[in-house]
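Here is what each chain is made of, one letter per residue.
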Amino acid sequence: MDSTIKRLFENLRDKDKDVQYEAFMKLFDITNDKVNWAYEVWDQLLTDLTEGDNHQRSRAAQFLCKLAISDPEKRILKDFPTVWAVTKDKKFVTARHSLKSIWNIALAGCEQKELVLKTLSDRFINGTDEKNYTLIRYDIIESLRKLYDEIKDEQVKQLALDLIEKEEDKKYKKKYASVWK
């Protein structure tokens, strides 16, 4: 890992929130593409998922999701439950940021895509007892749209449309369907 990347990760823990935000945004942009340093930060990010404050948990989840494309060992398959747990964080904003990033894991390969699709589908169908479940459902449909836009896989589109059809409330069905117009 070069010194610039290392410094950006250090800046995520700076006392100045502007410095943290700038580092986050730069790293978020950098991780849109494969990187060769993913495993140099992987274990710390895993630790931050459970030991960090809500900002660290959120950032760690988002980075691990994006780093899945830089994970030839497929560690994300083993670590997925720990990342997924943050999508149910006690801080709803942390949970949402994490949930909205999960789709990135599907870009890493077939196994990862199947895991993400199954998990998102299960949460959509079985998550109606969760607080704010309509927002969660919207985030799931929006995530499937982002994934579809990235990979143009009809399976992803069909899954989203099938999930929307399961919504019984016409107001929410219309809201979810608007993501696909």
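Refer to the preceding data block for the structure.
Note that the structure is a prediction, hence the values are computed from the model and not measured.

Engineer: Just checking my understanding: could you explain the packing of aromatic side chains for this structure?
Structural biologist: The full count for this structure, using the stated rule, is 10 aromatic pairs. Measuring from centroid to centroid gives 6.5 Å for F28 and F63, while their planes differ by 55°, and the two rings are tilted. You can see F28 sitting in helix α2 (residues 17-30) and its partner F63 sitting in helix α4 (residues 54-67), a full 35 residues away along the chain. In this structure an aromatic cluster arises from ring pairing among F9, F24, F28, W37 and F63. A cation over an aromatic ring shows up here: K66 above the ring of F28, its NZ or CZ 3.8 Å from the ring centre. Across the ring face of Y39, the terminal group of R75 is positioned such that the distance to the ring centre comes to 3.9 Å.

Engineer: Help me understand the environment of K100, please; the structure alone is not making it clear to me.
Structural biologist: Take K100: it is sitting in the loop between α6 (92-99) and α7 (110-126). The exposure class assigned to K100 is partly exposed, which follows from its relative accessible area of 29%. Remark: the alpha-carbon pair of K100 and E114, spanning 14 residues in sequence, is separated by 17 Å. Sequence-distant contacts of K100, that is, excluding residues within four places in its chain, are made with D139, E142 and S143.

Engineer: Help me understand the environment of S121 in this model?
Structural biologist: Along the chain, S121 falls in helix α7. C-alpha of S121 to C-alpha of K170: the two residues are 49 residues apart in sequence and 19 Å apart in space.

Engineer: Got a minute to help me understand the layout of surface pockets in this structure?
Structural biologist: Gaps left between atoms show up when a probe the size of a water molecule is rolled over them. The computed volume of the largest pocket comes to approximately 340 Å³. Every residue lining the largest pocket is counted, 14 residues in all, and those nearest its centre are F24, H55, S58, R59 and Q62. Contributing elements (two or more residues each) for the lining of the largest pocket: α2, α4 and α6. Ranked by residue count, the leading element in the lining of the largest pocket is α2, at six residues.

Engineer: Could you clarify how one ought to interpret the nonpolar core in this entry?
Structural biologist: The nonpolar side chains of a soluble globular protein tend to be buried, and buried together. Core analysis: the largest hydrophobic core is formed by 51 residues, its most contacted members being F9, I102, I141 and L144. Those elements that place two or more of their residues in this core are α1 (3-11), α2, α3 (38-51), α4, α5 (75-85), α7, α8 (133-151) and α9 (154-166). Residue contributions to this core peak at seven residues, all from α8. The contacts of L144, once residues within four sequence positions are left out, are L117, L120, V156, L159, A160, L163 and W180.

Engineer: Help me understand the packing of α7 against α9 in this model?
Structural biologist: In helix packing, the relevant descriptors are the interaxial angle and the interaxial distance, both defined with respect to the helix axes. Where α7 contacts α9, the axes come no closer than 10 Å and their chain directions differ by 10°. By the angle class used here, α7 and α9 are roughly parallel. Packed against α7, whose contacting residues are K113, E114, L117, S121, F124 and I125, the element α9 presents Q155, V156, L159, L163, I164 and K166 at the interface. Considered class by class, the residues forming the contact of α7 with α9 number seven nonpolar, two polar and three charged.

Engineer: Honestly, the environment of K74 in this entry has me stumped. Any pointers?
Structural biologist: Relative to the assigned elements, K74 resides in the loop between α4 and α5. Residue K74 is classed as partly exposed on the basis of its relative accessible area of 37%. Expressed as a C-alpha distance, the spacing of K74 and R137, which sit 63 residues apart in the sequence, is 27 Å. If we ignore the near neighbours within four places in the chain, the residues touching K74 are Y39, E111 and Q112. Within the structure, K74 has its side chain in polar contact with the side chain of E111 (distance 2.4 Å).

Cut-offs applied
Residues numbered from 1 in each chain as written. Predicted model: local features only at pLDDT ≥ 70, side-chain atom pairs only at ≥ 80, totals over all residues. Heavy atoms only, no water. Phe/Tyr/Trp six-rings, centres within 6.5 Å; stacked < 30°, edge-to-face > 60°. Helix = DSSP H or I, 4+ residues; strand = E, 2+ residues; numbered from the N terminus. Lys NZ or Arg CZ within 6 Å of the ring centre and 35° of its normal. Buried < 20%, exposed > 50% of the residue type's maximum accessible area, 1.4 Å probe, protein only. Contact = heavy atoms within 4.5 Å. 1 Å grid on protein atoms, 1.4 Å probe; cavity = no way out; pocket = protein on both sides within 12 Å on 5 of 7 lines; lining within 4 Å. Points joined across faces, edges and corners; volume = space filled by probe spheres on them. Core = buried A, V, L, I, M, F, W, Y, C linked by side-chain atoms within 4.5 Å. Axes fitted to C-alpha atoms, helices over the stretch in contact; angles between N-to-C directions. Parallel < 35°, antiparallel > 145°, perpendicular 65-115°, else oblique. Nonpolar A, V, L, I, M, F, W, Y, C, P; charged D, E, K, R; others polar. Polar contact = N/O pair within 3.5 Å; in protein donor to acceptor, adjacent residues only side chain to side chain.

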